[in-house]
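# Observations on chain architecture
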Amino acid sequence: MWTLGSARSRGAAMAGGGLSWHRLLAGLRGYAQRLPALSDKQVRSGAGRQPPGTGVMKSVRQIIQNCKTELADLKKYEPSFHPGLAIVQITDDGMLEVKKMAEEVGLHVVHICLPEETATEEILDEITKLNEDPKIQGLVLPRSLVMSDAAINTLVPEKDVDGITDVNFGRLIRGNFSECFVPPAASAVIELLEQADLCTLGRKVLIVGDGGVQETALQKLLQMEGMAVVSCPWQNKNVTELLRKNEVIVVTSPAPEGLGEDWLNADTTIIAYNLPAADFNLSSKHRDEPRPSHDGIGILTAAMQIKNTVESSTRWLKQQQPKKWNLRPLKLKPLSPVPSDIEISRAQTPKAIGVLAKEVGLHPSEIEAYGSNKAKVKLAPLDRLKDHPDGKYVLVAGITPTPLGEGKSTVIIGLVQALAAHLGINAFACVRQPSQGPTFGVKGGAAGGGYAQVIPMEEFNLHLTGDIHAITAANNLLAAAIDARILHESTQSDQALYKRLVPTISGKRNFSPIQLSRLTRLGIRKKDPSTLTREEALKFARLDIDPTTITWQRVVDTNDRFLRKMTIGQSGTERGFVREAQFDIAVASEIMAILALTDSLADMKTRLANIVVANDLRGGPVTAEDVGVSGALAVLMKDAIKPTLMQTLEGTPVFVHAGPFANIAHGNSSVLADKLALKLVGKNGFVVTEAGFGADIGMEKFFNIKCRTSGLRPHVVVLVATIRALKMHGGGVRAGMPLSKEYTEENLQLVGDGCCNLQKQIEIAQLFGIPVVVALNIFKTDTEAEIELACKIAKQSGASDAVPCSHWSIGGRGSLQLAEAVGQAANQKTNFRFLYDLSMPIAEKIRTIAQKVYGAEDIELSPEAQTKLDLYVSQGFGDLPICMAKTHLSLSHQPERKGVPSGFTLPIRDVRASIGAGFIYPLVGTMSTMPGLPTRPCFYDIDLDSETEEIRGLF
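Values in this document were obtained by computation on a predicted structure and should not be read as measured data.

### Considering the overall build of the protein chain
In terms of helices and strands, the protein chain carries 35 helices and 32 strands. Taken across its 955 residues, the protein chain has 58% of its residues classed as buried. Across the protein chain, every contact between residues at least 6 apart in sequence was considered, and the portion connecting residues at least 24 apart equals 75%. If you sum the accessible surface of the protein chain, you get close to 37900 Å²; carbon and sulfur atoms cover 52% of it.

Structure, rendered in structure tokens:
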């Protein structure tokens, strides 16, 4: 790249850096007409009324050539990288030379030409849009625009190639040239002085003009070159004397009228600062015709703008490379006894979410803040980082859960706090959003617990960013559309129905895009509604939904057992259209499963369109797109598709996204959150994601459904257990009464017997060829002998390692041993494999899961289930994976059977098809898709302080 000379390293750095004026001065064109005639001695490079010297043109061409070379090198490194320069131009602003140079170098140019009457606010809107455009690395503003400080600083410093923002100016004044941009005109002045051999130590320079920040910046640069600099406004009474005394004069604004020629000495060199250049053609040779005195600096200024843009591109590309985060952990001060989760959460002050986003490599334009503690993250980083390697992928599962709890969420958070806050490794947690059902029902909050939780836990557990509400709204819109369509088809003639579906608007009928898609699927290639035959119009208009086959239910995010079965259509306005229906809990909606499995907005739209809601009278599937509502569903879900960024108690990042239950749906956080996190942590980082309930439920679905959809493969499984849960699986006293002595006193027999469930879950993980680390979540009542026995049995059963964890009581420091074990296991060779082939018959896939995972002898299909299987095969859905809806409290279908049940036959009561999500959905035994409230729900303990607005008793 171009430099100022070997003896001036600071000047060389300065040429690639940045500074800020607060105004781009206008009206300097008139200055050229008011300059006195110069003698031959006064003609220097950039001074006098001669064309730009060969030295100027040589410098320009060298700068441009260096820029070409650097851009070519960048594209070799990143072939898809095509940086852009945006030029915002007001009519008559002279920016043609900048555009020509940019195109010559190979920059993509966005040229926005605005009329002279354009309001400042409109220009600022354009600047804001360009700030957020990742394809733009440099932004040149109108020269004639005189803006306020607030307007100037609308421009992000990273794209400020003119060096006009306060941030760039501050960096330049502090000498931080690696992060700022030197104003191009200032760099041009230095270059002209170099060429004239005037940039020598102690030489006197006078800067004369209107004063202000631009002159301060230039003064700083000249002083760094070793020159003695004085700045003086034209209005100074001693200006004439100063003009005579200085060898070099830099003029930054027009001379006032009436200034005579006697202010110049014979040897004075004058440089007119920041004047526009004449039209410039880079490939043309130097022309000898006369030009104004300011052409040299104008052309050099344009070249410096291009140079800064290329420098900005280099910096931007460098920032995209995987690197160790500059994460600032939050300090913990654990108390004993450990306070409640909500007290611990409130005692910690979280980082501003924008700060956390920057620490993990997200750009300001890639997040949408929801308050100060959480933000939606756009999907743009997936494209920005698509060529970067993924980090290590860790799945946390558990043994068969018990009412005493295992603490998978706590382990996830503790492990990530250990990795990121204590070991300095890039690490992300990916967890599900909790449903209001468990929060106010039995389980309570799901933010982790103790000193290993997501904060603020109230925001995490209540509403968050509204994703579940969006799912509820979309689900119920589709349900309403189905019943409305049946009603209207049953009460209207063919012609009336067709006319209402394709109404006349402004004298013309048109099909909507969704209707055109339906026509295409029907094999009708017409786009003009008036050209359809009667048979075609009838085929298009009538869905002929068979009400007895409707599988789409309404949802609500509350445990409400009395909505499990109901009758709708009782009002007289429904004209006798009465049918039996039900509500599911919102997180059991297929739309929730779609959110968790989709990998892009386009994919989500396709999945929503493919939802099968019923069959028609001919036995064919009816989809959401047939009903005409799929586009509206996508609109309702457009923000929900973005993962939510939060943080742990120790300030490490967490993605919260999607919340499908594992016993009803597939029970995993979203594919999008995992993919984003894997790119952000980089090659040497870790992403820890969760699978709901036991390994037989959430983990099996993670491998067979989620991994098939995402294409991702985990490096290690962390299997969570507790001594108390193992004792229950070993035959200890059931929960539901005060904690008995079996759980508070040492009992090695119960621990050893209960390890049968742990051994089975290790075996299930090994079916998929992934190494297992057992995390023993420690309670204060556990004894050393019990812990040692459980870890010993786990390792004897094939676990790579088994370690005790105390993150609940002391935070990430209590999971350092687990972090080290996970790191070692993640470097082991894996032999990942799916449990079954998709081409197997549906019944055989169900049987494989029942026998190899649950330990059943066989399955038993009810007549209704068998009929459904036959129908789905005939409709072309036989090659989908299986998502079992089964109790999570036992490996069998009977919740009371703990340990490792055997000798049972798994009953399949019904089978549903979630075609948009992409799986077949068998219902095992009495499994319900709408939970109920217990005798004493959690809401008894939840209250709001009316004065402080603090929530009490959430957990």
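### Section: the packing of aromatic side chains
With the rule as written, the count across this model stands at 10 aromatic pairs. Taking 5.5 Å as the distance between ring centres and 5° as the angle between the ring planes, the aromatic pair formed by Phe-81 and Trp-316 counts as stacked. In this pair, Phe-81 sits in the loop between helix H3 (54–77) and strand S1 (84–90) while Trp-316 sits in helix H11 (residues 295–320), placing the two residues 235 residues apart along the sequence. Looking at Phe-81, the relative accessible area reads 7%, which means it is buried. According to the relative accessible area criterion, Trp-316 is buried, its value standing at 17%. With 4.4 Å between their ring centres and 15° between their planes, Phe-428 and Phe-655 make a pair best called stacked. Note that Phe-428 is positioned in strand S11 (residues 427–431) and Phe-655 in strand S23 (residues 653–656), a separation of 227 residues in sequence. You'll find Phe-428 and Phe-655 in the same group, each marked buried. Sitting over the ring of Phe-834, Arg-708 keeps its end group 4.1 Å from the ring centre. Between Lys-886 and the ring centre of Tyr-854, over which it is positioned, the NZ or CZ distance is 4.7 Å.

### Points about the sheet that holds strand S2 (residues 108–114)
Taken in spatial order, the three strands of this open sheet run S2-S1-S3, and their pairing is parallel. Each having just a single partner strand, S2 and strand S3 (136–140) make up the two edges of the open sheet. Averaged over neighbouring strand pairs, the angle between their axes works out to 20° when direction is ignored.

### Considering the packing of helix H30 (residues 748–766) against helix H31 (residues 784–796)
The contact between H30 and H31 brings their axes to 9 Å, and the two run at 30°. One element, H30, and the other, H31, form an angle in the roughly parallel class. Like other packed secondary-structure pairs, H30 and H31 cross with a definite hand, here right-handed. Across the interface between the two elements, Leu-748, Val-751, Gly-752, Cys-755, Leu-758, Gln-759 and Ile-762 from H30 touch Ala-785, Glu-786, Leu-789, Ala-790, Ile-793 and Ala-794 from H31. Residue composition of the contact of H30 with H31, by class: 10 nonpolar, two polar and one charged.

### Describing the layout of surface pockets
Empty space within the second largest pocket amounts to approximately 1600 Å³. Taken together, 50 residues make up the lining of the second largest pocket; nearest its centre are Glu-158, Gln-319, Lys-323, Lys-358 and His-363. Taken together, the elements giving at least two residues each to the lining of the second largest pocket come down to helix H5 (120–131), S3, H11, helix H13 (353–359), helix H14 (380–384) and helix H26 (671–681). Residue contributions to the lining of the second largest pocket peak at seven residues, all from H11. Here the residues of the lining of the second largest pocket sort into 17 nonpolar, 16 polar and 17 charged.

### A word on the sheet that holds strand S6 (residues 248–251)
A sheet is described by the order of its strands in space; here four strands give the open sequence S5-S4-S6-S7, paired in parallel fashion. Each end of this open sheet is capped by a strand with a single partner; those strands are strand S5 (228–233) and strand S7 (269–272). This sheet shows a mean twist of 20° between the axes of neighbouring strands, independent of strand direction. Pairing of S6 with S7, which is carried by four bridges, proceeds in the parallel orientation. Within the sheet, the bridge partner assigned to Val-250 lies in S7 and is Ile-271.

### Quick look at the packing of helix H18 (residues 467–491) against helix H22 (residues 590–597)
Between H18 and H22, the least distance of the axes is 9 Å, while the angle of their chain directions is 130°. For the element pair H18 / H22, the angle class is oblique. Relative to H22, H18 is oriented so that their crossing is right-handed. Packed against H18, whose contacting residues are Ile-468, Ile-471, Ala-474 and Asn-475, the element H22 presents Ile-591, Met-592 and Leu-595 at the interface. For the contact of H18 with H22, the class distribution of residues is six nonpolar, one polar and no charged.

### Observations regarding empty space enclosed by the protein
One pass over the full model with this rule turns up four cavities of 30 Å³ or more. Surrounding the largest cavity, 17 residues form its lining, Thr-551, Ala-588, Glu-590, Ser-914 and Tyr-921 being those nearest its centre. Counting residues per element, the lining of the largest cavity draws most heavily on strand S29 (residues 905–914), which supplies three residues.

### Observations concerning unusual backbone geometry
Residue Pro-337 follows Ser-336 across a cis peptide bond; omega there is 0°. The omega angle of the peptide bond from Ile-455 to Pro-456 is -10°, so this bond is cis rather than trans. Within the secondary structure, Pro-456 sits in the loop between strand S13 (452–455) and helix H17 (457–461). A positive phi is found at Ser-506, a non-glycine position, where the angle reads about 55°. Even without a glycine there, the phi angle at Asp-544 is positive, about 50°. Here Asp-544 shows up in the loop between helix H21 (534–541) and strand S16 (554–556). On the accessibility criterion, Asp-544 (23% relative accessible area) is partly exposed.

### Re the nonpolar core
If you look at the biggest cluster of nonpolar residues, it comprises 183 residues, and the most contacted ones within it are Phe-428, Phe-655, Phe-703, Val-718, Leu-818 and Leu-906. Top contributing element to this core by residue count: H18, with nine residues. Setting aside anything within four residues of it in sequence, one finds Leu-818 in contact with Val-411, Leu-415, Val-718, Val-773, Ala-775, Val-803 and Cys-805.

### Description of the pairing of S6
Alternating residues of S6 divide into Val-248 and Val-250 and Ile-249 and Val-251, and every residue in both groups is buried. As paired strands, strand S4 (residues 204–209) and S6 are joined by four bridges and run parallel to one another. By the bridge assignment for S6, Leu-206 is matched with Ile-249.

### Considering helix H8 (residues 184–195)
In this model, H8 (12 residues) spans 17 Å end to end at C-alpha, consistent with the 16 Å of a helix rising 1.5 Å per residue. Burial analysis of H8 places 11 of its 12 residues in the buried class, which makes it a mostly covered element. What H8 keeps buried is the set Pro-184, Ala-185, Ala-186, Ser-187, Ala-188, Val-189, Ile-190, Glu-191, Leu-192, Leu-193 and Glu-194. Where H8 terminates, the next one or two residues include Asp-197, which has phi positive at roughly 60°.

### Comments concerning the pattern of salt bridges
Opposite charge on two side chains lets them pair, provided their charged atoms get close. Tallied over the full model, the rule gives 32 salt bridges. Where Glu-104 meets Lys-68, a salt bridge forms, and the shortest distance between an N and an O atom there is 2.9 Å. With a gap of 36 residues between them, Glu-104 in helix H4 (residues 96–105) and Lys-68 in helix H3 connect regions that are remote in the sequence. Among the residues examined, Glu-104 registers a relative accessible area of 33% and is labelled partly exposed. Notably, a salt bridge pairs Glu-458 with Arg-346, separated by 3.0 Å at the nearest N-O pair. In this pair, Glu-458 sits in helix H17 while Arg-346 sits in helix H12 (residues 341–347), placing the two residues 112 residues apart along the sequence. When its relative accessible area of 16% is taken as the criterion, Glu-458 is described as buried.

### Some words on the environment of Ala-186
Within the element layout of this structure, Ala-186 appears in helix H8. By relative accessible area, which is 0% here, Ala-186 ends up buried. Once the C-alpha coordinates of Ala-186 and Ala-217 are considered, the two residues, 31 residues apart in sequence, prove to be 7.9 Å apart.

### Some details on H30
Spanning 19 residues, H30 covers 26 Å between terminal C-alpha atoms, matching the ideal 27 Å at 1.5 Å per step. The axis of H30 is deflected most strongly, by about 30°, at Cys-756. Among all positions in H30, only Leu-750, Val-751, Gly-754, Cys-755, Asn-757, Leu-758, Lys-760, Gln-761, Ile-762, Ile-764 and Ala-765 are buried.

Rules and cut-offs
Sequence order sets the numbering: in each chain, residues are counted from 1 along the sequence as written. Predicted model: local features are reported for residues with pLDDT of at least 70 only, side-chain atom pairs are reported and counted for 80 or more only, and whole-chain, interface and lining totals are derived from all residues. Hydrogen atoms and water are omitted, and side-chain values are computed over all heavy atoms in the structure. Helix and strand definitions follow DSSP, with helices as H or I runs of at least four residues and strands as E runs of at least two, each counted in order from the N terminus. Relative accessible area decides the class of each residue, using a 1.4 Å probe on protein chains only: under 20% of the type maximum gives buried, over 50% gives exposed, and in between gives partly exposed. Any pair of residues with heavy atoms lying within 4.5 Å of one another is described as a contacting pair. To measure how exposed things are, a 1.4 Å probe is used in the Shrake-Rupley method; for residues, cover is taken only from the protein chains shown. Side-chain rings of Phe, Tyr and Trp (the six-membered ring for Trp) are treated as a pair once their centres are within 6.5 Å; stacked means planes under 30 degrees apart, edge-to-face means over 60, and tilted covers the remaining angles. A ring is considered to have a charge above it if a Lys NZ or an Arg CZ atom is located within 6 Å of its centre and within 35 degrees of its normal. In short, DSSP must find at least two bridges between two strands for them to pair. Helix axes use the C-alpha atoms of the stretch in contact, all axes being lines fitted to C-alpha atoms, and the angles between their N-to-C directions lie in the range 0 to 180 degrees. For this classification, under 35 degrees means roughly parallel, over 145 means roughly antiparallel, 65 to 115 means roughly perpendicular, and everything else is oblique. Each helix crossing is assigned a hand: it is left-handed if the near helix lies turned anticlockwise from the far helix by less than a right angle, otherwise right-handed if that turn is clockwise. Residue polarity follows a fixed list, in which Ala, Val, Leu, Ile, Met, Phe, Trp, Tyr, Cys and Pro are nonpolar, Asp, Glu, Lys and Arg are charged, and the others, Gly among them, are polar. In this analysis, the protein atoms alone were mapped onto a 1 Å grid. Cavities are point sets where a 1.4 Å probe fits without being able to get out; pockets are open sets with protein on both sides within 12 Å along at least five of seven lines; lining residues have an atom within 4 Å of a point. Grid points are joined across faces, edges and corners, and a volume is the space filled by probe spheres set on the points. The criterion is simple. A nonpolar core is a set of buried Ala, Val, Leu, Ile, Met, Phe, Trp, Tyr and Cys residues joined through side-chain atoms within 4.5 Å. An expected span of 1.5 Å times one less than the residue number is assigned to each helix. The rule for a salt bridge is simple: a side-chain nitrogen of Lys or Arg has to be within 4 Å of a carboxyl oxygen of Asp or Glu. Two axes enter the bend calculation: one fitted to the seven residues ending at the residue in question, the other to the seven starting there, and the bend is the angle between them.

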